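# Structural description and commentary
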Amino acid sequence: ARAPGAASAGVDNVDLRSPGARRDLEMLPAAALLGTVRAEDGSPVAGAVVTIAGPAVPVADRRTTSDASGAFTLGPLPAASYSIDVAARGFLPTEAGPVEVLPPSDSRLDVTVSRGATVRGQVVDDAGRPVAGARIQVWVMGADGLPRAASRGEAGPFAAVLIPQGELGVTR
């Protein structure tokens, strides 16, 4: 169910064909989560898919796309703490939040996404010839000191794209 200024309410299946069948719904006060997706240089990122995570978010309201100015709106949402994931072509996946939504006022969460780095190379022997059967793995060390796999591939020219900038490791 939907109503202006209220969060969507889900309903369990109810058989309304029975005489006197009734289902009461509680509509919760709601507000929107507004934001802008920008690149590190401050330029807007259009077409970014913004997905929200939090309690009681109906499936239909979990995802939106940023417009030409990078702006997005999610909601209406009931009062709760939310986080968002942002995916945009050419940028690293980004998580943001948490942010508190406290109706009736809208909340704001602006997100900056990074392009990351590209690593290109080729596995060759001492004579400079490609090594047959070589497998490539490029990884980035996470903040916790554990490797985060970024790309794998076969011998020959390879490119690992959208790698977070930082200390890289390459194995063959």
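Across its full length, the chain carries 0 helices and 13 strands. The N-to-C order of helical and strand elements in the chain reads β-β-β-β-β-β-β-β-β-β-β-β-β. By the burial criterion, 32% of the 172 residues in the chain qualify as buried. Accessible area of the chain: about 10,700 Å², with a carbon and sulfur share of 51%.

What follows deals with the sheet that holds strand S6 (residues 94-101). With antiparallel pairing, 4 strands are arranged side by side in an open sheet as S3-S2-S5-S6. The sheet is open, and its two borders are formed by strand S3 (63-65) and S6, each paired with just one other strand. Pairwise comparison of adjacent strand axes, ignoring direction, gives a mean angle of 25 degrees for this sheet. As paired elements, strand S2 (residues 49-53) and S3 share 3 bridges and run antiparallel to each other. Opposite Thr 51, over in S3, you have Arg 63 as the bridge partner.

As for its placement among the helices and strands, Ala 31 is situated in strand S1 (residues 30-39). Note: C-alpha distance between Ala 31 and Asp 106 (75 residues apart in sequence) is 4.9 Å. Among residues more than four places away in sequence, those in contact with Ala 31 are Gly 75, Pro 76, Leu 77, Val 101, Pro 103, Pro 104, Ser 105 and Asp 106.

Oppositely charged side chains are able to pair whenever their charged atoms sit close together. Under the definition given, this model contains 2 salt bridges. In this structure, the salt-bridge partner of Asp 110 is Arg 108, at a minimum N-O distance of 3.1 Å. Linking Arg 129 and Asp 125 is a salt bridge whose minimum nitrogen-to-oxygen distance equals 3.2 Å.

Rules and cut-offs
- Residues numbered from 1 in each chain as written.
- Predicted model: local features only at pLDDT ≥ 70, side-chain atom pairs only at ≥ 80, totals over all residues.
- Heavy atoms only, no water.
- Helix = DSSP H or I, 4+ residues; strand = E, 2+ residues; numbered from the N terminus.
- Buried < 20%, exposed > 50% of the residue type's maximum accessible area, 1.4 Å probe, protein only.
- Areas by Shrake-Rupley, 256 points an atom, 1.4 Å probe, with all protein chains shown as cover.
- Pairing = 2+ DSSP bridges.
- Axes fitted to C-alpha atoms, helices over the stretch in contact; angles between N-to-C directions.
- Contact = heavy atoms within 4.5 Å.
- Salt bridge = Lys/Arg side-chain N within 4 Å of Asp/Glu carboxyl O.

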